[in-house]
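Fold and geometry: a report
Residues per chain, in single letters:
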Amino acid sequence: MEQQERPEGKIRIFIAGDSTASFYGEERAPRAGWGQVLQRYFKERVEVVNRAVSGRSSKSFMEEGHLEEILKEIGPGDYFFIQFGHNDEKEEEARRTEPFTTYQAYLRKYIEGARAAGACPVLLTPVCRRRFDAEKNLVDTHGDYPVAMRELAVALNVPLIDLT
């Protein structure tokens with residue numbers, strides 16, 4: 001794959017993910033994905049390239065060609081933040097993955113693609129949903145997906161940010 005030149009001295013962070021990371025216009029405020037506000041926390045030397053797409057799973061994001069587009073641009077010295085899980089749980093065939101098999105297999109393709117381009121992959125577990133029990137404690141709604149991602153991070157020696 002032909003990769004674009006990174007602007008001199010810039011650090012780029014590419015984001016692949018779902019609605020929890022994606023961009024929303026002002027008309028949707030206060031709704032915002034974490035990826036659209038990440039740039040605020042960096043100086044001009046860091047560029048956040050948010051390619052997250054609402055409603056996508058690790059499978060559908062890749063099968064729709066979004067991963068391929070990122071891999072055309074990403075290069076040595078870049079970071080690749082990979083955050084899926086919310087939609088991998090869905091029942092429809094186009095998005096569904098199983099935690100310890102297909103979910104890990106798709107994530108592995110993101111990791112391998114980043115590494116082949118000389119970029120540093122970083123896994124991010126899915127953000128908790130806002131569901132609480134009677135005592136106002138968060139209720140786990142992601143089942144084995146965060147566990148599967150944590151295990152993959154250890155197995156492949158990939159940094160992990162635990163948003164769950």
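Keep in mind that what you see is a predicted model, and the values were worked out from it rather than measured. (Residues numbered from 1 in each chain as written. Predicted model: local features only at pLDDT ≥ 70, side-chain atom pairs only at ≥ 80, totals over all residues. Heavy atoms only, no water.)

1. Some points on the sheet that holds strand S3 (residues 79–83)
Rules: Paired strands, as defined in this entry, are two strands with at least two bridges between them according to DSSP. Here a strand is any run of E in DSSP of at least two residues, a helix any run of H or I of at least four, and the numbering for each starts at the N terminus. Here, two residues are considered to be in contact whenever any of their heavy atoms come within 4.5 Å of each other. Helix axes are fitted only over the stretch in contact, all axes being lines through C-alpha atoms; the angle between N-to-C directions runs from 0 to 180 degrees.
Taken together, the 5 strands give an open sheet; going across it, the order is S2-S1-S3-S4-S5, and neighbouring strands pair in parallel fashion. Of all strands in the sheet, those bounded by a partner on one side alone are strand S2 (46–50) and strand S5 (160–161). Sitting on the sheet, helix H3 (residues 66–73) touches strand S1 (11–17) and S3, and the angle it makes with S1 is about 175 degrees.

2. Notes on helix H5 (residues 145–156)
A turn of α-helix holds 3.6 residues, and therefore any two residues three or four places apart point the same way. To be explicit about the condition: Working rule for helices: expected span equals 1.5 Å times residues minus one. When a residue's accessible area, from a 1.4 Å probe over protein chains only, is under 20% of the maximum for its type it is buried; when over 50% it is exposed; and in between it is partly exposed. It is the directions from the helix axis to the C-beta atoms that the arc portrays.
Its 12 residues place the ends of H5 16 Å apart at the C-alpha level, agreeing with the 16 Å of an ideal helix rising 1.5 Å per residue. Residues of H5 that are buried: Tyr145, Pro146, Ala148, Met149, Leu152, Ala153 and Leu156. For H5, the buried positions fall inside an angular range of 160 degrees around the axis, keeping them on one side. Across from the buried face of H5, at angles greater than 90 degrees, the exposed residues are Val154 and Ala155. On its buried side, H5 packs onto S3, helix H4 (99–116), strand S4 (120–124) and S5. Downstream of H5 by one or two residues, Asn157 has phi in the positive range, about 55 degrees.

3. Notes on the pattern of salt bridges
For the record, the criterion: Counted as salt bridges are all cases of a side-chain nitrogen of Lys or Arg within 4 Å of a carboxyl oxygen of Asp or Glu.
Inspection of every chain in the model, using the stated rule, returns 9 salt bridges. The residue Glu69 makes a salt bridge to Lys72 at a minimum N-O spacing of 3.2 Å. Separated by 3 residues within a single helix, Glu69 and Lys72 lie in helix H3, roughly one turn from each other. Residue classification places Lys72 among the partly exposed residues on the basis of a relative accessible area of 34%. The partner of Arg95 in a salt bridge is Glu92, with the nearest N and O atoms 2.2 Å apart. Among the residues examined, Arg95 registers a relative accessible area of 18% and is labelled buried. One network of salt bridges, with partners in common, ties together Glu91, Arg96 and Glu98.

4. Quick look at the packing of aromatic side chains
Note the threshold: Two aromatic rings from Phe, Tyr or Trp, using only the six-membered ring of Trp, form a pair when their centres are within 6.5 Å; if the ring planes differ by under 30 degrees the pair is stacked, by over 60 it is edge-to-face, and anything between is tilted.
Counted by the stated rule, this structure contains 5 aromatic pairs. Ring centres of Phe61 and Tyr110 lie 6.2 Å apart, and the angle between their planes is 35 degrees; on these two criteria the pair is classed as tilted. Separated by 49 residues along the polypeptide, Phe61 in helix H2 (residues 58–63) and Tyr110 in helix H4 bring together distant segments of the chain. One exposure class covers both Phe61 and Tyr110, and it is buried. Ring geometry for Tyr103 against Tyr145: centres 5.0 Å apart, planes inclined by 80 degrees, an arrangement best described as edge-to-face. Here Tyr145 lies in helix H5 and Tyr103 lies in helix H4, a separation of 42 residues in the sequence. Each member of the pair Tyr103 and Tyr145 is classed as buried. Grouped by ring-pair contacts, the aromatic residues Phe61, Phe80, Phe84 and Tyr110 constitute a single cluster.

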